[in-house]
Structures are given as structure tokens and as C-alpha cells.
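Notes for the structure review
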Amino acid sequence: MERLCGPNLPFWEANQTLHTNRPDLPECFQLSVLSWLPCVYLWAVFPIYLFYLKRNHSGYIMMSILNRFKTVLGLLLWIVCWTDLFYTFHELRQGDTQPPIYFVTPLVLGMTMLLATFLIQFERLRGVQSSGVLLIFWFLSVLCAIVPFRSKILQASSQNAVTDKLRFTTFYFYFGLVVGELILCCFNEKPPLFSNVVTDPNPCPETTAGFLSTVTFWWFTRMAIKGYKKPLEEKDLWSLNKRDTSKVAVRKLLQEWEKELAKAKSAENCSNQAAYSKPPPSTTNHAAGESSPDEAEVLLSNQKAATRQPSFLRALVKAFGPYFLIGSAFKLLQDVITFVNPQLLRLLISFTKQKTAPDWWGYSLAFLMFFTAILQTLILHCQFQYCFITGMNIRTAVIGAIYRKSLVITNAAKRSSTVGEVVNLMSVDAQRFMDLTTFLNMLWSAPLQIMLALYFLWQNLGPSVLAGVAVMVMLIPLNAVIAMKTRAFQVEQMQHKDSRIKLMNEILNGIKVLKLYAWENSFKEKILAIRQKELNVLRKMAYLGAVSTMAWTSAPFLVALTTFAVYVTVDENNVLDAERAFVSLSLFNILRFPLNMLPQVISSLVQASVSLKRIQRFLSHDELDPDSVDRKNTGTEFAVTVVNGKFTWSKEDPPVLHNINVMVPQGSLLAVVGHVGCGKSSLISALLGEVEKLEGEVSIRGSVAYVPQQAWIQNASLRDNILFGKPYNEQKYCCVLETCALTPDLEVLPGGDMTEIGEKGINLSGGQRQRVSLARALYSDTDIYLLDDPLSAVDAHVAKHIFDNLIGPEGVLKGKTRILVTHGISFLPQVDNIMVIVDGRVSEMGSYQELLKQNGAFAEFLRTYALEDIVEEEEEEASEESMAEEGPFPDDALSIHTDMVDSEPVINEAKRNFIRQISIISADGENPKSRSVRRHNCSQRKHSEQQEKKKPQDMQKLIQSETAETGRVKSKVYLEYAKAVGVLLSVIICFLYGCQSAAAIGANIWLSQWTNDALTNHTQENMNMRVGVYAALGIAQGVLVMMSSFTLAMGNIGAARKLHANLLTNKFHTPQSFYDTTPLGRIINRFSKDIYIIDEALPSTVLMFLATFFVSLSTMIVIVSSTPIFAIVIVPLAIIYIFVQVCCCWVTACCAGPTVCCGRPSSCTATCCRGSCELRRPSLRAPPPDAY
């Protein structure tokens, strides 16, 4: 630097800088290092930032006053810097030669200010509202200018005059302009033009937050304050950012997964082509060394087995890896900063030993330690933010992918993947990915921290640290064995969990039958038997976890013990003084976190790998071929065409339909008849593409509406069930209601068509459900209607009304293509064509008269069902004699089968004429005494009158929305869990943790006394006693950790058993009305995800809470005992922490949904199942205090 600054300006002077009460940096150092540091930063990040800005264009920001001020200040800074440069040239011309540093520094600063001004304008053109790059640059510039600011004042005051007035003036102009730029950079620009218009009434402020607000999470303050003032509701929460919505996350994952499937399929095709290539025929006999044909088959099968499988892990990494890597970069920076504090501690201890050291050393070191801690905390939580968002997006995408897959898998796949497995995949397995992602960086961060800690320990203690390394290496095989055993137990536990959820799902679906036959105890025993197997596996996993916790909790101490013991014994000259001991302990404490977290992350990784394989296996199931039905057939007059169709429900099963040939003309009505089980519904499913097509072609022209045998009803209002997402058209809606005989039902329902329909249509009769399903299909207004025996659930007179007004040749659907599966032979003469199916084959097809003349399978079908119709007619006539005043004929007398018999043509014609005049319909298809009404014309006026007559004003909601307790978790909930663990056992667990902390405190105090021996030169005399007692305290701590972990595992398993048993007993004793008004999915979620939290997540949280509580308590006790004045600081710190905790608790409890149902007595059944009692957890693996 002498060539730049000259001989008169030294670069460094220790006496001027360090060993003085008024420290100051040399002028050469100020002009070079302090001036160049911000410039080097900006020029270094400029290429990367420019590439980022070119790739991300958010719009165009108009030139605002803020932007103009920043630009003007940037140009003034350039002018000020180059004023110094030109002044130096002026001095050179005057003969006053200055060192080269006076030319270089103004030139570099001026070019940098031009670059900063260019970035200000370029960011505006790219729509950047707040620049983190420039904010850091201006902050560094101000920080580096503070020293010259003070130095020039000191120099002027000491000399009582300013020697270089121009540079003095330009510098303070420069300092003021840089401070102004820093202040202006803290404000946001206006939103850019030509960007996506935000129509959300409550957008998340994170997207528009500035750099400082984002780094400090200041944008969240408003929500925390609102949550502190009042319990938050769903309307108070901000909308999700677009990148966090399921629409974006699921699509991103599915795109990558489709690529993986395509790669696997192409690799399989290549391997099949290679496998099918035949070798040239051999002309010689098989001799030794030549492979036989059997061996070739074995090799071929092995080759097929080794085909490439699609990797779900690779899809996850490609979809969410880049965003996660940003958090990894923050984690790397935080790991490096972590090791700054031990070095500062070394300097601080050294400062305390030097009596003549200036006081500003201590203040500076204390400030640096504080600043380092603040910076480390900010960076750490930025890393957690990225990890949490990535985990949330992964969970959202995995659940969406599983849900989408469950809708399209083949019937064969549905046999292997039960409902219980699908529920667990979406609740338990997806949650494991989210829990793992939070601390996934520890897989590389923990080894990095361990290596850095060992490096600094080597510098502090020398080769003695190898003893500690040996201890850690010895623990690796133990951890590997535990991980392998945990993985095996995890697979077994998930199998039991799937079986339990599957059986629970079957029980809840048939709960009415279960209660009617009083089978609760029998099925309860079945569930508890599976639960016991699951708990046995959980107990083994908990014991393994306790051993792992003991090993890795004791690891830092064992490393410290062996290192200190070897250090003081290998050489008499090695003295364990305070500097070596406490700096080493600081490094050992840093070492404690990765050593504690690494086994937990490995355990979570093992669990996630099991879930990964389960999800990958499920997502790899075969899907229904969307191209099995050609829906683009526009070149034919036939609406539905099946040519040589051969179909099966599963490729492993025999075909259910053979040689199907059907051509349905546009606008015709085709009836499909046949005996039970002959394949009529399978034909409808084949037209929908729901079965496997083995041979033939299927084409459908136009849109399709499907009415199944059993109506599918949503938990929504009657109107929403009919509209099914279509826009509301009152006149069309009125016609649909009257055509489907639903108008009289609106007078019965308490809220008219706005009455809420329970899950599975619990508050509708079977006939009403079927008519709602028909109304939904009619309102959809499609080209083709597939009707799978929709008239079987209604009475004959209602069926006749629906056929005449809806399906028949004079109905609303005339001109539409209709395929009707039916057993009602009374309607067959009015259809265009009839297809008879016998044993999966088309036996006959033609018109009614043609099939009667053939006297084949159709005639046999008529004879079979004619007797049934006669019996039904006699029953209805007997039941409707009391309603003769309603009309000249009983309700069902108009649709008996005899009117279709050819031997009575006169009666037949008379009845047909009467049918054309009057149509008798029923308000309730299942009530034989229901009143009949005359046909209503489609009239908007009558519908309006009806709606005015029946306004759903005081309508009570049938299905209540799931609610959660607001505010903090009540102490009663904690007491419930403590009672489930056992009061005595809870006290023992706390006592053992207290003893463990006491042993740790004793070890630290003993180590402090050990280091004092160096001051009295008694290190060798007391060495054996010091090492022995220190080892005894450490071993006692390890034993207490193991005992407390085992005891806690026993208590958690017992609590899990009791809570599940209470919940199960509670649900079996709940009245049937609860199941009629509560969605079964809500109950299943209590038995799947919430029980998983009690089994696996809550024990980890309790363990972390106890460890953190006692570590904090012991730390305060040690500090207060050594420095009593610290007790004064505890009170204000406690107030601040409690206030922050209260705010966070309110926001967390209000924003989060229910997690754990405690299974309290039956009086709390409904509220428990709706999530009003829960035990919250911040995370599966909450970070210990050392992480912060």
C-alpha cells in the first residue's frame, strides 16, 4: 500500500489504532479499505443482480418524486466524488503532487455512484419497488464513512484549523448525500404499471413489503397487534400469495411428475425393444459356456424388473428445490457467523486479563457480540421462512397430487390402495414432508458445523481434540443401527395405521347398522386390537429414540471430557485456564446443536423415506385411459358408437362385456334391459370410460350427463345440488323443478330450495335424492344423457310422471340422446330402440314390436318382470283405497304392465288417452299416502309466488362448520394430557429433568473451579480429582437423560392409548344424530392426523419443551449466582418475552386449525370432533435454544 499512499501516509499504526484511549484509523486505511469496501460489494453483485432483473420483469414504474430524488442524489454523489478527482489534477498542475490514492479512490467512487444511479433507473423500468442490493450498498457506505466523519472532526479540533478545506467540505457533502440515499431507499416505490391487477380485497402485505420489512418481518406486525387485541377470525387473515396457492403448487409438482413418468415410460419402451430383439439361431448344440433358452428367459425377466422407475423425489426437487436453495444459502451464512462469537469471547476473556487495556476494547467487543447475535437471528429466521414455505408448498402439492390420483386410478389399483391408505397418505405422509423440510438443511449443515467446531478446537487445544473426534465416530454405528431399526418399525407402524383407518372408515360408513344391532363393543375390540399392535411398535420406536437421545445429548459432554482429560494428562505444561476452557465450552455448545439435531433429522428422513415410497407407489398406479372413449367424433350421425367392444373392470379379471356393438342415432331413446348382473351398469361405465377397454372402439359425440343408480348428493343447499356450479336461471330452474316433480317438495322442506342437504342426502328420502340427481342432469343441458335405472327409487306414478315429462318421446329431453337402463317394462313401448343384454353380451336389439315378435330373451324378460309388477300393483292399490277422492284411478293404476299386453288393445288405448290428459305425481316417492297434484306449467310467476310463500329466513344450518378454540390453549387441556400421562409419572419426569439440569450445572461449576487452579499453580495436584468428579457429573447427567427419556416415552405411549380409547369410546356412545350432521371426513381426520400428532409429534414437542425449560432455568441460576446484578435484567426481559409470546400464541391459536382432539367425556363429543379442544404444537422438531 506504500506505492498507493506514499511514505507519509502509513497504512496501519497499532499505537494510533489499538493502544490508545482515542483510537483512530490511518488516513491511508480510510481512503483505501473503507472507501473501496462498498464499491467492491456493488460491482461484485452487479452481474448477478442484472441477470436477475432481466429474468424478472414485474412491470414499469412511473417516475415518482421519490425516484427523482434518489436519481438526483446519485448524480450529486458522482459530481462530489469527481470534484475531488479534478481537484487532485488541479493540485498536480500547481506542482503539489499527491499520492496515487487521491486519484484512484475518487475515480472508483465516482464510477460506483454512476452504477448505483443506473441501477436506480433500471430497477424502476423492471418494476422493483424496493431494492435490497442498493439498501445494503448505502448502509455499507454510511457505515464506512462514520470513521472518516469522526476522524476529520478530531483532526480539525486538535489542529484548531482545517488544512484541506475543499476535501473537508466535499466529504461532508458526500456523507450527507449517502445518508439521504439510505433514508430514501427505505421507502417503497409505487406499484408498477402493466402488472397483474390485484383484485384481492385482503392481499398479503408480504408481496409489497420492502427489503427491511421483509428481513425483519415488520409486515406481520399489524396482524400480531390485531391478534393481541381480539381473537382472529378467518376473515381477518390475508389471502395466500399466488405462489403458495394449491393451484400453482399442485400444477408445478404434477408437471414434474408427468416428466418423470414420461422418462420412465420411454426407458421401458427402449428396454422392451432390446428385449424383443432375437439372437441369431445357433446351428450347434448347447455346449458348456453357452446360455440355454431357460437362462435367457431368466435374464430377460431380470432385465424387465430392472426398468427405470419414476422418481417422486426428483420431481419434488425440481419443483421446489430452487426456492429451498435460497433458504440453504441463508443457512450457510448463519453457520459461518455462528463461529464469530467464540472468537469474540476469546478476545473478551483476554481483555479481562489485561489490566492496562483501554476500556473501549470491552465496549466494542460487547457491541460486536450483540450485533453478531442480532445478525445471526435475522439470517436464521429468513432461512426458516423459506423452509417453512417450502414445506407448506410441498405438503399442499402432495395432498393435491394424491387427491387427483385417487380420482383417476383404475379399479384394480383401488383394490390395493384402500381408503385408509389414501387418508393416511394425505394426512400423515404429506405432513412428514413438511416436518422434514424445516430442518432438512441440517443434513449438510450439521457436518459443516462439526468440522468448523473441531477446527477451532484444534487451534485451541491441539491434537487432544482427536479424542473427542473418536467419541463421535464411535457413536455413528449406534446411530446407524437405531436408524435402520426405526425404518423397519416405521413401515410396520404405517401398515397397522392403514388397517386401523380402513376399519374405522368402514365402521363410520355403517354406523347406523352398527348401532341398530348393538355391535359397538365387538368393533371397538377390533379397533383396539389393531391399536395395540400399533402402540407396541410405537413403544419400540420410543425406546430406540430414548437411547438415541441419551447418546447424542451426552455426546458434547463426552467429547469435552475426553478432550480436557487428554489435554491435561499428555503434557504437564498444558494448563486448562479460563480462556481455553470457556472458549472450548462455547465451541462445544455450538457442537451440541448439530449433534442433537442430526439424529432427529435422520429419524425424520427415515420416516419421510418410508412415506416417499408409499406416495411414489400410489402415484405410479395405472390410471384410466382418457382416450379410451373418443369424444371428438363429429363425422357421423350417431351420438354413441361402440364397435366390437370388450371391457373388464380389471385387466387381471375376466371381461364383463363381450362383443358389444351399439350405434345410437342422434336424438333417440335407447332402453337397456336385462336380468340383474348381466352388465347393464357396466355398459354405462364403459361409455363413461370408467372400465378398462380391451378391444374395440367407443366414441361419444357431445357432452354427457350421468345419473347413477344411487344418487350422489353434496352437503350443500338443494339449489346448489341442482345447479352444480352452473349460473342460476330462474325460468329454467323452475321448469327443471316441475319436470322432476320437485315443486311440491319445496313446500315440505323448511327452507325451500335453500334448505341445506346433509352429507349423503341424509335429510332426503331415496326418491327425493334420485329426483335431485335427475334435476341436476337436466339443468346441465348436455347432448347425451346416461340414465342408470333412475326410476327404480321412485313409486310407479312418480316414475310415470318423470318418464312422460322428462325422458319419454314427449318429455323435455326429446331431441337429446338418451340411454336408459331400466326394469320398468311399462315404458318400453315408448322408446325408440331396446337393447337386451344377457351375460355381458348383446342378445337382441330393436324396437319393442320387433323384439316381441322374435320371442327371445326380451320376451322372457317381460314374463319375468310382469309378475313382479302385478304384485307391486296389488300392494299399491290396497294402500291407496283411502285416497280415491284424489282421482278416478289409484295413483299407480295408470302404469301397470297390463296396458302393454297385446291381448287388450282397447283398454290399452283408453288408458293411454287418459294418461295424456292427467299425470299424477307424488311429493314424496316413498310415502304411499302422499297427495297428488296436477301438472304445473313452467311458469316464472308461480315459482316466484312459491318462493315468496317459503322464505328461508330462520333456517338452521344442518352441517355446522368446523370450529377451533380461539386464544391460548387452556390449562385444562394441558391437565387432560398430564392426567393421561399420569400425575405421578408427570412429577417423576419433571424431577428427572430437574436432576439432569442440576448435574449439568454442577459440571459447569466444577469446570469453573478447575480453571481457577491455573491461577494458584495447583493444576497437577488436583488433576485426578478434577477429572474424576467432572466425569462423574457428566455420567450422572447421561444416566438421568436416559431415565427421563424412557420415563417420558412410557408416559407418552400411555397417554396415546388412553386418549385414543377415550375418543373411540366417545364416538361409539355418540347418538346417531351427530353422524347425520357431521361429515365423516372430519371424524376420520381425528383418528388419523390428530392421533398421529398425539403418537409422534406431541412427544417430541414435550421433550423439547422440558429440555428448553430446564436449560433456560439452569442458565439463569448459574448467571445470577455468579453475577447477582443480572437478576435486575431478568424482569424486563421476561416482560418483553411474555408479551411477544402472548402475541404469537394468540395469532397461532387463532390462525391454525384444530390439531389434536383430546377425547374428553361424551358431553364434549360434538365440540371435540369439531376441533374445539386441541393441543397446539409449533413444529414437529422445534429448534432448541442453541439454534438461536
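Placed above this text is the structure.
Residue positions are given per chain, counted from 1 along the sequence in the order it is written. In view of the model being predicted, local features appear only for residues whose pLDDT reaches at least 70, and side-chain atom pairs are presented and counted only at 80 or more, with totals across whole chains, interfaces and linings using the full set of residues. Values reported for side chains reflect all heavy atoms of the structure, with hydrogen atoms and water molecules removed beforehand.

1. Some points on the overall build of the protein chain
For clarity, the threshold we go by: In DSSP terms, a helix is any run of H or I states spanning at least four residues, a strand is any run of E spanning at least two, and both are numbered starting from the N terminus. Two residues form a contact once any of their heavy atoms are found within 4.5 Å. Here the accessible surface of atoms and residues is derived via Shrake-Rupley with a 1.4 Å probe, and residues count as covered only by protein chains that are part of the display.
Check the secondary structure of the protein chain and you find 38 helices and 11 strands. Looking at the protein chain alone, contacts between residues at least 24 apart form 80% of all its contacts between residues at least 6 apart. Of the roughly 58,500 Å² that the protein chain leaves accessible, carbon and sulfur atoms contribute 62%.

2. With respect to the packing of helix 24 (residues 730-739) against helix 26 (residues 766-780)
Formally: Where helices are involved, their axes are fitted lines through C-alpha atoms of the stretch in contact, as for all axes, and angles between N-to-C directions lie from 0 to 180°. By convention the crossing between two helices is left-handed if the near helix lies anticlockwise of the far one by an angle smaller than a right angle, and right-handed if it lies clockwise.
Look at helix 24 against helix 26: their axes get within 9 Å of each other, and the N-to-C directions meet at 145°. Remark: the crossing between helix 24 and helix 26 carries right-handed chirality. On helix 26, the residues that touch Lys732, Tyr733, Val736 and Thr739 of helix 24 are Ala775, Leu778 and Tyr779.

3. Description of the state of the cysteines
For clarity, the threshold we go by: Any two cysteine sulfur atoms lying within 2.5 Å of each other are counted as a disulfide.
Using the criterion set out here, one finds 1 disulfide in the structure. There is no disulfide at cysteine 186, and the cysteine sulfur nearest it, in cysteine 185, is 6.7 Å away.

4. Thoughts on a negative patch on the surface
Counted only if it meets this: Residues forming no salt bridge and having over 30% relative accessible area are the ones grouped into patches, like charges within 9 Å of each other and nonpolar side chains (Val, Leu, Ile, Met, Phe, Trp, Tyr) within 5 Å. Take a side-chain nitrogen of Lys or Arg and a carboxyl oxygen of Asp or Glu: if they are within 4 Å of each other, that pair is a salt bridge. In this tally, Asp and Glu contribute negative charge and Lys and Arg positive charge; neither His nor the terminal groups of the chain are included. Each charge is placed at NZ for Lys, CZ for Arg, CG for Asp and CD for Glu. Each residue is placed in one exposure class: buried if its accessible area under a 1.4 Å probe, protein chains only, is under 20% of its type's maximum, exposed if it is over 50%, and partly exposed if it falls in between.
A cluster of acidic residues, Asp625, Asp627, Asp630 and Glu697, forms a negative patch at the surface. Residue position: aspartate 627 is located in the loop between helix 21 (578-619) and strand 1 (638-648). By relative accessible area, aspartate 627 is classed as exposed at 63%.

5. Notes on the environment of leucine 742
Locating leucine 742 in the fold gives a position in the loop between helix 24 and helix 25 (743-748). Looking at leucine 742, the relative accessible area reads 2%, which means it is buried. Distance from leucine 742 to arginine 771, taken between C-alpha atoms, is 7.1 Å for residues 29 residues apart in sequence. Discounting chain neighbours no more than four positions away, the residues touching leucine 742 are Ile722, Leu737, Gln768, Arg771, Val772 and Ala775.

6. Quick notes on the sheet that holds strand 9 (residues 841-846)
Strand pairing in a sheet takes place through backbone hydrogen bonds and is either antiparallel or parallel in direction. Condition: Two strands qualify as a pair provided DSSP detects at least 2 bridges between them.
Taking strand neighbours across the sheet as the criterion, the 6 strands line up as 5-6-7-3-8-9 in an open arrangement whose pairing is mixed. What marks the edges here is a single partner per strand, and that holds for strand 5 (704-707) and strand 9. For this sheet, the mean angle separating the axes of adjacent strands, direction not counted, is 15°. Where strand 5 lies against strand 6 (residues 784-788), 4 bridges are found, and the strand directions are parallel. Opposite tyrosine 706, over in strand 6, you have leucine 786 as the bridge partner. The sheet strands contacting helix 26 are strand 5 and strand 6, and the helix crosses strand 5 at an angle near 175°. Taken strand by strand, helix 27 (residues 796-807) contacts strand 3 (669-673), strand 6 and strand 7 (817-821), and its axis lies near 160° from that of strand 7.

7. Side note on the environment of asparagine 341
Mapped onto the fold, asparagine 341 is located in helix 13 (residues 340-353). On the accessibility criterion, asparagine 341 (19% relative accessible area) is buried. It is 9.4 Å that separates the C-alpha atoms of asparagine 341 and leucine 587, two residues lying 246 residues apart in sequence. Residues in contact with asparagine 341, not counting those within four places in the same chain, are Met369 and Thr372.

8. Description of the side chain of threonine 817
Tracing the chain through its elements places threonine 817 in strand 7. With near-sequence residues (within four places) excluded, threonine 817 lies in contact with Ala639, Val664, Pro665, Gln666, Gly667, Ser668, Asp783, Ile784 and Tyr785.

9. Details of unusual backbone geometry
Phi is mostly negative for residues that are not glycine, and the peptide bonds are mostly trans. You will see that alanine 518, though not glycine, has its phi angle at about 55°, which is positive. Inspection of the secondary structure puts alanine 518 in the loop between helix 19 (511-516) and helix 20 (520-570). The class of alanine 518 is exposed, set by a relative accessible area of 57%.

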